[in-house]
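Read off the chains here:
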Amino acid sequence: MKTSSVGAWVAVCIGVFYLLMPLMGTVEFSLRMLRGTYSFEAYKILGTGEFQQSFLFSMIIALLTIIVSVLIVVPTVYFVQLRLPKLRPIVEFITLLPLVIPAIVLVFGYLRLYNSSSWLPLTGTAEATNVLLLFAYVALALPYMYRAIDSGMRTVDVRTLTEAAESLGAGLGTILFTVILPNVRSAVLSGAFLTFAIVIGEFTIASLLDRPVFGTYLQNVGAGKPYNASALSVVAFAITWASMGLMQVFGRDRRPKVAH
Amino acid sequence: MAYLELKSIVKSFGSTKVVQQFDLAVDQGEFVSFLGPSGCGKTTVLRMIAGFEQPSAGSITVEGQEISHLPPAKRNIGMVFQAYALFPNLTVGQNVGFGLKLAGVPKAERDARVAEMLEIIKLPQLADRYPYQLSGGQQQRVALARALAVRPKILLLDEPLSALDAKIRVSLREEIRALQRQLGITTIFVTHDQEEALSISDRIVVMHEGKAAQIGAPFEIYNSPKTKFVASFVGTLNILEATVMDWGQMRLSIDGRDVTTSHGFTAKAGEKVSVALRPEAATLGWTNDGRNHMAGTVEEVAFLGSVVRVRVRFEHQTISLDTFNDPANPPPLRGATVAVAFKPEDLIILEGGTTEANHEPGTAVDAPVAVTELA
Ligand SMILES: Nc1ncnc2c1ncn2[C@@H]1O[C@H](COP(=O)(O)OP(=O)(O)OP(=O)(O)O)[C@@H](O)[C@H]1O
Ligand SMILES: [Mg+2]
């Protein structure tokens, strides 16, 4: 074996080790709740209503976040590409802002703007706060969604397809939903995976807005029951990956891929 | 009144005028081709008819109704693109039915119409395929069926055959023409291939720098080109420079050889004019039926099968001529001295070649274009 490929293997092993070690450690720790033996005792917490409710809540928020951000990003990318290509650098910069501005700053801004004595008291009721949380997550997802959909749309001849549809009598809505969206489906999906993962794991914003998401629940559990918290982490990890796998299976383009 | 009328169309992008004072009247059921080099504005005119671009000035009417203000979706004008532009996520059948569905045609009727269209383009078995499973020629036929399914008033095709290989290009252009006749649909076909335009059009619009250089039937365009540009772009004409000897007797001199033409012109003695001669109008050898004769040296002989193409050099200029292959009569050898004979009426005087004409010299229409094509 050449030394260069030995080096490559070493690098890969270190990388895998680095990523898997904490996960394996968490699994191992979660099994040690009963002294002196490995057991699934810590996993009994999965049967509690609090866990199920918080996880379900996070899943719903994640799905809504995906839907809202797709509805915002797809038309934006479409118009920037078709009519306002000069705006692209500006739009790209705006979509990057959530990566630059820490979530804590974002949420304090929200609390100042939308507190119960403001002109738009979104934090006044639980429902309105949920909406605020949703929009905060849409903002967090923006860099990933935008990038994925933008690169997806560049592979499609948006202009000609639009013109073909227009000459057949299609209006804007028809073009966006029956011509453009289906053809950037895999790009939308990859954006959706990332969004899903971000929302399931988010803690800062939800905690400061006091919403019962999985992240805040996990934090509460972790404060007093470390074994259960590890078990929850492992399960959350597994469910997140399983959900993304399901999205992959159901959302995938089922047509066989054939080269031209 | 013409079915489709374009009046004084002007289109500028910023400060560049891409289309200038373009006038055209197309009759119902007519097949008109736009022919011209790259960048002359063919696509731009087509896109203004379709509604994808707004004219800077001028009017476009269909059946007497002004359409310039209508969005493309409201014009009912079908369009076929060079890149096919089929919807990748829809099957062939769904692509063809797309416009019908938007028009609210009930499903049963729609299916019948889709089947009928697929029958017409001879691809009835491919309704459930996706575009990427089809060849280029098949995709373009589907695109044609998709555009025609909604029974548009006008069909526009922008170089629909350029992406296909030569054989399919010829068969598909004939199919398009047959289909156009069968449906009687008013059609505008953009191409930069002169043979394509000559073979399938009722009329050709030769475009040059955003203007219609000449509009006429293929026979007219080919045999009586009006300008040097049309002559050099359409067909494989020889374009020669001649000096006027005697205006009254229509005598000219080409490389010091005296010739006459039966076409009148306005240039005076001593002035230079451009003249054109079709390769098939000239023959080799002396005759005594009043033809012009020019002695020259054979520079190149190309045996093309049924036709032998010979290039003869005089002094500075050359001409190419086509003779039919004759087993009893072998072609001349290179270097041989021959006489080129042609009738006075075949020597065409080109408008753009006279000194009065406002044609700037040294534009892209220099004579060697046609001559090198022949070589
Ligand atoms: N949107 C645009 N903005 C600026 N200039 C344009 C635009 N569209 C076309 N042009 C210019 O207008 C001229 C004519 O373009 P057009 O596409 O009509 O040419 P064409 O005859 O179709 O050429 P081709 O055979 O290459 O397709 C070109 O010089 C082109 O650069
Ligand atoms: Mg063009």
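Predicted model only: the values in this text are computed from it and were never measured.

Cut-offs used in this document
- Residues numbered from 1 in each chain as written.
- Chains lettered and ligands numbered in written order.
- Predicted model: local features only at pLDDT ≥ 70, side-chain atom pairs only at ≥ 80, totals over all residues.
- Heavy atoms only, no water.
- Helix = DSSP H or I, 4+ residues; strand = E, 2+ residues; numbered from the N terminus.
- Contact = heavy atoms within 4.5 Å.
- Areas by Shrake-Rupley, 256 points an atom, 1.4 Å probe, with all protein chains shown as cover.
- Lys, Arg positive; Asp, Glu negative; His and termini not counted.
- Charge placed at Lys NZ, Arg CZ, Asp CG, Glu CD.
- Buried area = accessible area lost by both parts, 1.4 Å probe.
- Salt bridge = Lys/Arg side-chain N within 4 Å of Asp/Glu carboxyl O.
- Polar contact = N/O pair within 3.5 Å; in protein donor to acceptor, adjacent residues only side chain to side chain.
- Nonpolar A, V, L, I, M, F, W, Y, C, P; charged D, E, K, R; others polar.
- Pairing = 2+ DSSP bridges.
- Axes fitted to C-alpha atoms, helices over the stretch in contact; angles between N-to-C directions.
- Near = heavy atom within 4 Å.
- Buried < 20%, exposed > 50% of the residue type's maximum accessible area, 1.4 Å probe, protein only.
- Phe/Tyr/Trp six-rings, centres within 6.5 Å; stacked < 30°, edge-to-face > 60°.
- Left-handed = near helix turned anticlockwise from the far one by under 90°.

K.L.:
Help me understand the overall build of chain A in this model?
P.N.:
Each helix and strand counted, chain A has 11 helices and 0 strands in total. Within chain A, counting contacts between residues at least 6 apart in sequence, those at least 24 apart form 75% of the total. Within the structure as shown, chain A displays about 14500 Å² of accessible surface, and the carbon and sulfur contribution to it stands at 70%. If you average the places of the 18 positive and of the 12 negative side-chain charges in chain A, the two averages end up 5 Å apart.

K.L.:
Looking at this structure, I do not really get the interface of chain A and chain B. What am I missing?
P.N.:
A common way to report how large an interface is uses the accessible area buried once the components associate. With 19 residues of chain A at the interface, the matching set in chain B holds 20 residues. In total, chain A and chain B occlude about 1900 Å² of area from one another, counting both sides; carbon and sulfur atoms represent 65% of this. One can count 1 salt bridge joining chain A with chain B. Here Arg47 of chain B ties to Glu163 of chain A by a salt bridge, and the two come within 2.8 Å at their closest N and O atoms. Linking chain A with chain B are 4 residue pairs in polar contact (both at pLDDT 80 or more). Within the residue set of the side of chain A that touches chain B, elements represented by two or more residues are α6 (158–167) and α7 (172–183) of chain A. Among the elements that take part in the side of chain A that touches chain B, α6 of chain A stands out by supplying 7 residues, more than any other. The class makeup of the residues in the side of chain A that touches chain B is 9 nonpolar, 7 polar and 3 charged.

K.L.:
What is the right way to look at the sheet that holds strand β4 (residues 57–62) of chain B in this model?
P.N.:
Hydrogen bonds along the backbone pair up the strands of a sheet, which may run parallel or antiparallel. All names here are of chain B. The 4 strands lie next to each other as β2-β1-β4-β5, forming an open sheet whose pairing is antiparallel. Single-partner strands in this sheet number two, and they are β2 (16–26) and β5 (65–66). Relative to β4, strand β1 (residues 4–13) is paired through 5 bridges, and the arrangement is antiparallel. Note on β4: the bridge partner recorded for Leu6 is Ile60. Those strands touched by helix α1 (residues 42–50) are β1, β2 and β4, and its axis lies near 120 degrees from that of β1.

K.L.:
Could you clarify how one ought to interpret the sheet that holds strand β6 (residues 77–80) of chain B in this entry?
P.N.:
Residue and element names in this part refer to chain B. Sheet architecture is open: 6 strands sit in the order β6-β7-β8-β3-β9-β10, paired in mixed fashion. Here the strands that pair on one side only, and so sit at the sheet edges, are β6 and β10 (211–216). Neighbouring strand axes in the sheet, compared pairwise and without regard to direction, differ in orientation by 20 degrees on average. Looking at chain direction, strand β9 (residues 203–208) and β10 are connected through 5 bridges and run antiparallel. Within the sheet, the bridge partner assigned to Ile204 lies in β10 and is Gly216. Set on the sheet, α1 makes contact with β3 (31–35), β6, β7 (154–158), β8 (186–191) and β9; between it and β7 the angle comes to about 150 degrees. In the packing of helix α4 (residues 136–149) onto the sheet, the strands contacted are β6 and β7, and the crossing angle to β6 comes to about 170 degrees.

K.L.:
So what exactly am I meant to see when it comes to the site of ligand 1 here?
P.N.:
Residue and element names in this part refer to chain B. In the region of ligand 1, the neighbouring residues are Phe13, Val18, Pro37, Ser38, Gly39, Cys40, Gly41, Lys42, Thr43, Thr44 and Glu159. Between an oxygen atom of ligand 1 and a side-chain N or O atom of Glu159, the distance comes to 3.1 Å. Summarising the interface, the protein chains cover 57% of the accessible area of ligand 1, which totals 640 Å² for the free molecule. The greatest single-element share of the shell around ligand 1, amounting to 3 residues, is contributed by α1.

K.L.:
Even after reading the chapter, I still don't get the pattern of salt bridges, so can you show me in this structure?
P.N.:
Here the idea is simple: oppositely charged side chains can pair when their charged atoms come close. All names here are of chain B. Going through the model one piece at a time under the given rule, you end up with 23 salt bridges over all chains. Measuring nitrogen to oxygen at the nearest pair gives 2.8 Å for the salt bridge that ties Arg251 to Asp258. Residue classification places Asp258 among the partly exposed positions, given a relative accessible area of 42%. Between Arg313 and Glu299 there is a salt bridge whose closest N-O contact spans 2.5 Å.

K.L.:
Would you mind showing me how to read the packing of aromatic side chains here?
P.N.:
Between two aromatic rings, the relevant description is the distance of the centres plus the angle of the planes. The full count for this structure, using the stated rule, is 15 aromatic pairs over all chains. Their ring planes at 50 degrees and their centres at 6.4 Å tell us that Tyr114 of chain A and Trp119 of chain A sit as a pair that is tilted. Among the residues examined, Tyr114 of chain A registers a relative accessible area of 17% and is labelled buried. Look at Phe229 of chain B and Phe233 of chain B: their rings are 5.7 Å apart centre to centre, the planes differ by 15 degrees, and that puts the pair in the stacked class. Residue Phe229 of chain B and its partner Phe233 of chain B are located together in helix α8 (residues 228–233), separated by 4 residues, close to a single helical turn.

K.L.:
Just to check I follow, could you spell out the packing of helix α3 (residues 88–100) of chain A against helix α5 (residues 126–154) of chain A for this structure?
P.N.:
The relative placement of two packed helices comes down to the angle between their axes together with the axis-to-axis distance. Residue and element names in this part refer to chain A. Following both chains from N to C, one finds α3 and α5 inclined at 145 degrees, their axes separated by 6 Å at the closest point. α5 is crossed by α3, and the crossing has left-handed handedness. Where α3 abuts α5, its residues Arg88, Val91, Glu92, Thr95, Leu96, Pro98 and Leu99 lie against Ala139, Leu140, Leu142, Pro143, Tyr144, Tyr146, Arg147, Asp150 and Arg154.

K.L.:
Teacher, can you tell me more about unusual backbone geometry here?
P.N.:
Among all residues except glycine, the phi angle is most often negative; among peptide bonds, the trans geometry is most common. Of note, the phi angle at Asp210 of chain A is positive, near 60 degrees, even though the residue is not glycine. Tracing the backbone through its elements, the reader meets Asp210 of chain A in the loop between α9 (204–208) and α10 (214–224). The class of Asp210 of chain A is exposed, set by a relative accessible area of 60%. Positioned with a positive phi, Lys122 of chain B is a non-glycine residue whose angle comes to about 65 degrees. Mapped onto the secondary structure, Lys122 of chain B falls in the loop between α3 (107–120) and α4.

K.L.:
I would appreciate a short explanation of the environment of Ser33 of chain B in the present structure.
P.N.:
Residue and element names in this part refer to chain B. Topologically, Ser33 is positioned in strand β3. The class for Ser33 is buried, based on a relative accessible area of 0%. Separated by 243 residues in the primary sequence, Ser33 and Ala276 place their C-alpha atoms 23 Å from one another. At 2.6 Å, the side chain of Ser33 and the side chain of Ser201 are in polar contact.

K.L.:
Whenever I open this one, the environment of Ile94 of chain A confuses me. Can you help?
P.N.:
Residue placement: Ile94 of chain A occurs in helix α3. Considered as a pair, Ile94 of chain A and Leu142 of chain A are 48 residues apart in the sequence and their alpha carbons are 9.1 Å apart.

K.L.:
Would you take a moment to explain the pairing of β2 of chain B for this structure?
P.N.:
Sheet faces and side chains relate simply in a regular strand, where the side chains alternate between the two faces. All names here are of chain B. Pairing analysis gives 7 bridges linking β1 to β2, with the strands arranged antiparallel. Residue pairing in the sheet places Lys11 in a bridge with Val19 of β2. Where β1 folds back onto β2 in an antiparallel hairpin, the turn is made up of 2 residues, including Gly14, whose phi is positive at roughly 60 degrees.

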